[in-house]
Amino acid sequence: MKKNYLLTPGPTPLPPEVCEAQSRPIIHHRTPQFQAVLKEVTDGLKYVFQTSGDVMILTASGTGAMEAAVVNLLSAGDTAITVEGGKFGERWTELCSAYGIKPEVIKVEWGKAVDPREIERKLKANPAIKAVFTTLCETSTGVSNDIKAIGEVVKGSDAVLVVDAISGLGAVDLKTDAWSVDVCVSGSQKGLMLPPGLAFVSVSKKAWGKIDAAKCPKYYFDLKVAKKAMEKTDTPFTPAISLVIALAEALKIIRQDTLENIFIRHTKMAEATRAAMQALGLALFAPDAASDVVTAVKVPAGIDGEKLVKVMRDTYGVTIAGGQSEMKGKIFRIAHMGYIGEFDIIVGISCLEKVLKQMGYKFDLAAGVKAAQEVFLK
Ligand SMILES: *Cc1c(COP(=O)(O)O)cnc(C)c1O
């Protein structure tokens, strides 16, 4: 028997209440029973997004909400800034290009956060820019961008600020309204402790103005249609009913915990993980802008990074993530997001130590676990 632990930045582990909710018999969605759930989750999502504006639920993975943002806000021929500091920033550029929108790419070195002044300079230089596409946590590099500061520079312009908060929302602070985020997109399988399949998108007043003028083709992801349905506590198409019901359970847990406590817990788990890696003599990939939802670590010289991840998973049941595209084999990533607690982190670190030891890497056994415990004891 091998017990499995999931420490990846999506999907993340599921609380028992969420598992149970999904196993219930299905109900029909055009019913008062489902409408009550829809109302409850819409209110709960506003709490998590920290917005009094609209939050719509789409049946899609997180990328569906990213696509919805692009096609609802813009028209072919428009110009938009995309911030590229990893795989997910690149996705904004790819989405814009797919719809004939000209991306003004801000290239950021992988492992670094974007400098908000660079966004400001580009916006000033080209007043025709209609949107700024950014990422809260660039999951591929473990970098956290300063959305609050970016909001300050975008707010005074004609452009709308769009944030991919797929990894991070409900785990680290993102004040949609207070930070002037016009469109915030998220997904179900990261901080929100659900399986993949639901995507969320918040829309500010300023963004609704852009949506009215946008001409990109769209059908399934038409946010005006979604809003019309939402006003009648309905959805345009069959939603992922069981996931919405499970979302109600996840939101209950989040409300009971409170966002405040959730943010403190994530910061602590991140600090413990970073302290453990340093105690093992491992270098962080993003030391200056480390996210509190996932820690990216450089694979030490002489160690096969892909094998490390594979042995942890296939021999010991502890799943962490490797590096993506150009970082393949060069970094590994440990998530501390959602339904993950301090002792899951301890398990992850001790398994990492065991496999590193077996692979011949030199360090004091249990040094990482000790460093993490010390952070948790503070
Ligand atoms: C996971 C993730 C996505 C992709 O979401 P899918 O659900 O796979 O479509 C996008 N952006 C970020 C930052 C992510 O972490």
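Owing to the predicted nature of the structure, the values given are computational and were not obtained by experimental measurement.

What counts, and where the lines are drawn
- Think of each chain on its own: its residues are numbered from 1, step by step along the sequence as written.
- Owing to the predicted nature of the model, reporting of local features is limited to residues with pLDDT of at least 70; listing and counting of side-chain atom pairs is limited to 80 or more, with chain, interface and lining totals taken over all residues.
- Computation of side-chain values covers all heavy atoms of the structure but excludes hydrogens and water.
- Being near a molecule or strand, for a residue, comes down to having at least one heavy atom within 4 Å of it.
- For this analysis, a polar contact is any N or O atom pair within 3.5 Å, provided that within protein one partner can donate a hydrogen and the other can accept it, and provided that sequence-adjacent residues contribute only side-chain to side-chain pairs.
- Accessible areas in this description were obtained via Shrake-Rupley with a 1.4 Å probe; residue shielding takes into account the shown protein chains only.
- Strands here mean DSSP runs of E at least two residues long; helices mean DSSP runs of H or I at least four residues long; both are numbered from the N terminus.
- Note on residue classes: Ala, Val, Leu, Ile, Met, Phe, Trp, Tyr, Cys and Pro are nonpolar, Asp, Glu, Lys and Arg are charged, and everything else, Gly too, is polar.
- Definitions used for this entry: grid spacing 1 Å over protein atoms alone; cavity, a set of points where a 1.4 Å probe fits but cannot get out; pocket, an open set with protein on both sides within 12 Å along at least 5 of 7 lines; lining residue, one with an atom within 4 Å of a point.
- Grid points are joined across faces, edges and corners, and a volume is the space filled by probe spheres set on the points.
- A side-chain nitrogen of Lys or Arg and a carboxyl oxygen of Asp or Glu constitute a salt bridge if their distance falls within 4 Å.
- For the exposure calls, accessible area comes from a 1.4 Å probe over protein chains only, and a residue counts as buried if that area is under 20% of its type's maximum, exposed if over 50%, partly exposed in between.
- DSSP calls a pair of strands paired once it identifies at least 2 bridges connecting them.
- Only the contacting stretch of a helix is used when fitting its axis, a line to C-alpha atoms as for every element, and angles between N-to-C directions run 0 to 180 degrees.
- By definition, residues are in contact when any of their heavy atoms lie within 4.5 Å.
- We define a nonpolar core as any set of buried Ala, Val, Leu, Ile, Met, Phe, Trp, Tyr and Cys residues linked to one another through side-chain atoms lying within 4.5 Å.
- Domain ranges listed in this record stem from an automatic or a database domain assignment.
- Here the angle decides the label: under 35 degrees means roughly parallel, over 145 means roughly antiparallel, 65 to 115 means roughly perpendicular, and every other value means oblique.
- Crossings are classed by handedness, with left-handed meaning an anticlockwise turn of the near helix from the far one by less than a right angle and right-handed meaning a clockwise turn.
- Put simply, buried area is the surface a 1.4 Å probe can reach on two separate parts but cannot reach once they are joined, added for both.
- Only rings of Phe, Tyr and Trp enter the pairing, Trp through its six-membered ring, and a pair is recorded when the two centres are within 6.5 Å. The plane angle decides the type: under 30 degrees is stacked, over 60 is edge-to-face, the rest tilted.
- Counting as a charge over the ring demands two things of the Lys NZ or Arg CZ atom: a distance within 6 Å of the ring centre and an angle within 35 degrees of the ring normal.

Points about the site of the ligand
Consideration 1: Looking at the ligand, there are 14 residues lining it, with Ser 61, Thr 63, Thr 139, Asp 164 and Lys 190 nearest.
Consideration 2: Within the contact set of the ligand, an oxygen atom lies 2.7 Å away from a side-chain nitrogen or oxygen of Gln 189.
Consideration 3: When isolated, the ligand has an accessible area of 380 Å², and the protein chains bury 88% of it.
Consideration 4: At the level of elements, helix H3 (62-73) and helix H4 (87-98) are the ones that each hand at least two residues to the shell around the ligand.
Consideration 5: If one sorts the elements of the shell around the ligand by residue count, H3 sits on top with three residues.
Consideration 6: Each residue belonging to the shell around the ligand can be placed in one class, and the counts come to four nonpolar, seven polar and three charged.

What to know about empty space enclosed by the protein
Over the atoms, a rolling probe the size of a water molecule traces out where space has been left empty.
Consideration 1: All chains considered together, the criterion is met by five cavities of 30 Å³ or more.
Consideration 2: Roughly 110 Å³ of internal volume is contained in the largest cavity.
Consideration 3: Together, Ile 57, Leu 58, Thr 59, Tyr 220, Asp 222, Ala 226, Thr 235, Pro 236, Phe 237, Thr 238 and Pro 239 line the largest cavity.
Consideration 4: Among the elements that line the lining of the largest cavity, the one with the most residues is strand E2 (residues 54-59), at three residues.
Consideration 5: Across the lining of the largest cavity, the residue classes break down as seven nonpolar, three polar and one charged.

So, the pattern of salt bridges
Consideration 1: One pass over the full model with this rule turns up 21 salt bridges.
Consideration 2: As a salt-bridge pair, Glu 84 and Lys 107 come within 2.8 Å of each other at their nearest N and O atoms. Separated by 23 residues along the polypeptide, Glu 84 in strand E3 (residues 79-84) and Lys 107 in strand E4 (residues 102-107) bring together distant segments of the chain.
Consideration 3: Relative accessible area serves as the criterion here: at 64%, Lys 107 is assigned to the exposed category.
Consideration 4: In this structure, Asp 292 and Arg 274 form a salt bridge, with 3.3 Å as the shortest nitrogen-oxygen distance. Remark: Arg 274 occurs in helix H10 (residues 259-279) and Asp 292 occurs in the loop between H10 and strand E11 (294-298); sequence separation between them is 18 residues.
Consideration 5: Connected via shared salt-bridge partners are Glu 20, Arg 24, Glu 249 and Lys 252.

Side note on the sheet that holds E2
Strand pairing in a sheet is mediated by backbone hydrogen bonds. Such pairs are either parallel or antiparallel.
Consideration 1: The sheet built from seven strands is open, its strands ordered E2-E10-E9-E8-E5-E3-E4 with mixed pairing. Where the open sheet ends on each side, the last strands, each with one partner, are E2 and E4. This sheet shows a mean twist of 20° between the axes of neighbouring strands, independent of strand direction.
Consideration 2: Bridge count between E3 and E4: six bridges; the pairing is parallel. The residue bridging Ile 81 from the neighbouring strand is Glu 104, located in E4.
Consideration 3: Its contacts with the sheet place helix H7 (residues 205-213) against E2, strand E5 (129-135), strand E8 (160-164), strand E9 (183-187) and strand E10 (198-203), and it is angled at close to 100° to E10.

What to know about the nonpolar core
Consideration 1: Within the largest apolar cluster, 59 residues are counted, with the highest numbers of intra-cluster contacts made by Val 41, Ile 119, Val 154, Phe 200 and Leu 247.
Consideration 2: Ranked by the residues each element gives to this core, the list is headed by helix H9 (residues 241-257), at 10 residues.
Consideration 3: A domain-level breakdown of this core finds at least three residues from each of domain 1 (5-10 + 258-376) and domain 2 (16-256).
Consideration 4: By size, the runner-up hydrophobic cluster in this structure holds 34 residues, among which are Ala 272, Leu 308, Phe 332 and Phe 376.

Here we look at the packing of helix H2 (residues 32-49) against H9
Consideration 1: The interhelical angle for the contact between H2 and H9, taken along N-to-C directions, is 45°, at an axis separation of 9 Å. In terms of orientation, H2 and H9 fall into the oblique class. Along this stretch, H2 crosses H9, giving a crossing that reads as left-handed. Here Phe 34, Val 37, Leu 38, Glu 40, Val 41, Asp 43, Gly 44, Leu 45, Tyr 47 and Val 48 of H2 come into contact with H9, specifically with Ile 241, Val 244, Ile 245, Leu 247, Ala 248, Leu 251, Lys 252, Ile 254 and Arg 255.

A few points about the domain arrangement of the protein chain
Consideration 1: With domains assigned, the protein chain is organised as domain 1 (5-10 + 258-376) and domain 2 (16-256).
Consideration 2: For domain 1 and domain 2, the distance between their C-alpha centroids amounts to 28 Å.
Consideration 3: In this assembly, domain 1 packs against domain 2 so that about 2200 Å² is buried in total across both faces, 67% of it on carbon and sulfur atoms.
Consideration 4: For the domain 1 face of the interface with domain 2, the top three residues by lost area are Leu 259, Phe 263 and Gln 324, together amounting to 23%.
Consideration 5: Put simply, domain 1 and domain 2 have zero salt bridges between them.
Consideration 6: Where domain 1 touches domain 2, the interface holds seven residue pairs in polar contact (both at pLDDT 80 or more).

Some points on the packing of aromatic side chains
Consideration 1: Under the defined criterion, the tally for this structure stands at five aromatic pairs.
Consideration 2: With a centroid separation of 4.6 Å and an interplanar angle of 35°, the aromatic rings of Trp 92 and Phe 133 are classed as tilted. Of this pair, Trp 92 sits in helix H4 while Phe 133 sits in strand E5, and the two are 41 residues apart along the sequence.
Consideration 3: Overall, Phe 133 belongs to the buried group, its relative accessible area being 0%.
Consideration 4: By the ring-pair criterion, three or more aromatic residues cluster together here, those being Tyr 219, Tyr 220, Phe 221 and Phe 237.
Consideration 5: For the cation-ring pair, Lys 190 lies above Phe 88, with the distance from its terminal atom to the ring centre recorded as 5.6 Å.
Consideration 6: The side chain of Lys 357 reaches across the aromatic face of Phe 363, ending 4.5 Å from its centre.

Describing the side chain of Ser 202
Consideration 1: Along the chain, the position of Ser 202 falls in strand E10.
Consideration 2: Since its relative accessible area comes to 1%, Ser 202 is described here as buried.
Consideration 3: Not counting residues up to four positions away in its chain, the partners in contact with Ser 202 are Phe 49, Asp 54, Val 55, Thr 176, Asp 182, Val 183 and Cys 184.

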